[in-house]
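Take a look at the letters that make up each chain.
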Amino acid sequence: MPSAMPPKSKTPRAARHPLALPQLVDEKAEAFVAGAIAELVRSKIPFLIAGTFAVSAYTGISRPTKDLDVFCKAGDYTRILKHFKSRGYSVEIEDDRWLGKVYKGKFFFDVIFASPNGTMLVNDAWFEHALPVEISASRVLIVAPTELVWSKSFIQLRERYDGADVAHTILKTHDRIDWRRLLEYMEAHWEVLLIHLLNFRWIYPSERDRIPLWLMDELLSRLAAQRDLPLPQTKICRGRMYSRRDYEIDVTEWGFADVGGDVEMRTAK
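Residues numbered from 1 in each chain as written. Predicted model: local features only at pLDDT ≥ 70, side-chain atom pairs only at ≥ 80, totals over all residues. Heavy atoms only, no water.

*Asks:* I would appreciate a short explanation of the environment of Val 122 in the present structure.
*Replies:* Relative to the helices and strands, Val 122 resides in the loop between β7 (107-112) and α4 (124-128). Ignoring any residue separated from it by four or fewer positions in sequence, one finds Val 122 in contact with Phe 71, Cys 72, Lys 73, Ile 112, Phe 113 and Phe 127. (Helix = DSSP H or I, 4+ residues; strand = E, 2+ residues; numbered from the N terminus. Contact = heavy atoms within 4.5 Å.)

Structure representation (structure tokens):
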């Protein structure tokens, strides 16, 4: 039986009241969320609350939402689905690479253990740095600001862009972000991190000092080094890591290789 807290948990911290909570669509939705969170706690399976609930908790922004994002480790993903199925909920495995859903009537919550593009995998570190809060009378853990920024950095779809969530999280929690850990997470995709940091600096010019100078220097030095190198020989479209659908034409008609798929060498023009 999995323990209620991660194996490397430290001295329990007092639960905080979130700065705000999202606006659920109606009382039935509120009852569903409260019941789902209480059942997750009773299951004693380690989980984290992320998404809009975490953004609201850290920033104080309360906006309408219809869903609940529950993060867990890959090994606990099926345990959560099985637990809720045994309690009369309907469950669905939407994508076994990262996402399951738990339903009760028209309401549901997502069970997430990785990102759709494979860059992010929930592990023990997420639990070690998580913040205890009280939501719907239950003591739960929400993802730390560092992991929250990482989890939202690649959400750039035509119909959904989480850049504002990243900027607001940096604005309100910059002193709680472990910038070295964030860089480690995004090491292979440092340009995505640089884009978000430049975006923040442009949005909040008076708050530029909230991003460490050493981090900007490091990322800009990488950009300078890259500038003097030849172009890559492999034609690949990493836009598919943002949205497979929006960048489909790149791999079906324009000759770019998909991320992790067959490759084509770049030809001189």
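*Asks:* Any chance you could explain unusual backbone geometry here in plain terms?
*Replies:* Leave glycine aside and you will find that most residues have negative phi; peptide bonds, for their part, are mostly trans. Residue Ser 136 is not a glycine yet carries a positive backbone phi of 55°. Residue position: Ser 136 is located in the loop between β8 (131-135) and β9 (138-142). Its identity as a non-glycine residue notwithstanding, Ala 137 has a phi of 70°, on the positive side. Mapped onto the secondary structure, Ala 137 falls in the loop between β8 and β9.

*Asks:* I would appreciate a short explanation of the packing of aromatic side chains in the present structure.
*Replies:* Aromatic ring pairs: the centre-centre distance and the angle between the two ring planes describe each pair. Counted under the stated rule, the structure contains eleven aromatic pairs. Consider the rings of Trp 126 and Trp 150, whose centres lie 5.9 Å apart with planes at 45°: the pair is tilted. You can see Trp 126 sitting in helix α4 and its partner Trp 150 sitting in helix α5 (residues 145-152), a full 24 residues away along the chain. Here Trp 126 falls in the buried class, since its relative accessible area comes to 1%. Given the relative accessible area of 6%, Trp 150 is considered buried. (Phe/Tyr/Trp six-rings, centres within 6.5 Å; stacked < 30°, edge-to-face > 60°. Buried < 20%, exposed > 50% of the residue type's maximum accessible area, 1.4 Å probe, protein only.)

*Asks:* I tried to follow the side chain of Asp 110 on my own but got confused; where do I start?
*Replies:* For Asp 110, the location among the structural elements is in strand β7. The class for Asp 110 is buried, based on a relative accessible area of 8%. Among the polar contacts listed, one links the side chain of Asp 110 to the side chain of Lys 101, at a separation of 2.5 Å. (Polar contact = N/O pair within 3.5 Å; in protein donor to acceptor, adjacent residues only side chain to side chain.)

*Asks:* Would you take a moment to explain the nonpolar core for this structure?
*Replies:* As a rule of thumb, nonpolar side chains are buried together in soluble globular proteins. In terms of nonpolar packing, the biggest core is built from 75 residues, with Ile 49, Phe 109, Trp 126, Ile 170 and Leu 197 touching the most fellow members. Residues lining this core come from more than one domain, with at least three contributed by each of domain 1 (13-143) and domain 2 (148-250). The residues touching Phe 109, leaving out its near neighbours within four places in the chain, are Phe 32, Ala 36, Leu 68, Val 70, Phe 84, Gly 100, Lys 101 and Val 102. (Core = buried A, V, L, I, M, F, W, Y, C linked by side-chain atoms within 4.5 Å. Domains from an automatic or database assignment.)

*Asks:* How should the pattern of salt bridges be read in this particular structure?
*Replies:* Where side chains of opposite charge bring their charged atoms close, a pairing between them can arise. The tally for this structure, following the rule as stated, stands at 22 salt bridges. Salt-bridge contacts for Asp 228 lead to Arg 227; the nearest nitrogen and oxygen are separated by 3.8 Å. Residue classification places Asp 228 among the exposed residues on the basis of a relative accessible area of 61%. With relative accessibility at 64%, the residue Arg 227 sits in the exposed group. The shortest N-O distance in the salt bridge between Arg 244 and Asp 258 comes to 2.7 Å. Taken together, the residues span a long stretch of sequence, with Arg 244 in the loop between β10 (234-235) and α10 (248-252) and Asp 258 in the loop between α10 and β11 (264-265) at a distance of 14 residues. Look at Arg 244 and you get partly exposed, because its relative accessible area is 44%. On the basis of relative accessible area, Asp 258 is assigned to the buried category, the value being 16%. (Salt bridge = Lys/Arg side-chain N within 4 Å of Asp/Glu carboxyl O.)

*Asks:* Even after reading the chapter, I still don't get α5, so can you show me in this structure?
*Replies:* Along an α-helix, residues three or four apart share an orientation, since each turn contains 3.6 residues. Burial of α5 is extensive: eight of the eight residues sit out of reach of the surface. Turning to α5, its buried residues are Pro 145, Thr 146, Glu 147, Leu 148, Val 149, Trp 150, Ser 151 and Lys 152. Looking at the packing, one finds that the buried side of α5 touches α2 (51-59), β4 (69-71), α4, α6 (163-173) and α7 (179-185).

*Asks:* Whenever I open this one, the packing of helix α1 (residues 27-43) against helix α3 (residues 74-86) confuses me. Can you help?
*Replies:* Angle between the axes and distance between the axes are the two parameters that describe a pair of packed helices. Direction vectors running N to C along α1 and α3 enclose 115°, while the axes themselves pass 11 Å from each other. Taken together, the axes of α1 and α3 are roughly perpendicular relative to one another. The crossing of α1 and α3 is right-handed. Residue-level contacts link Ala 36, Glu 39, Leu 40 and Ser 43 of α1 to Ile 80, His 83 and Phe 84 of α3. (Axes fitted to C-alpha atoms, helices over the stretch in contact; angles between N-to-C directions. Parallel < 35°, antiparallel > 145°, perpendicular 65-115°, else oblique. Left-handed = near helix turned anticlockwise from the far one by under 90°.)

*Asks:* Teacher, can you tell me more about α6 here?
*Replies:* Most of α6 is tucked away, with eight of its eleven residues classed as buried. For α6, the complete set of buried residues consists of Gly 163, Asp 165, Val 166, Ala 167, Thr 169, Ile 170, Leu 171 and Thr 173. Turning to α6, the residues buried within the fold contact α2, α5, α7 and α8 (190-203).

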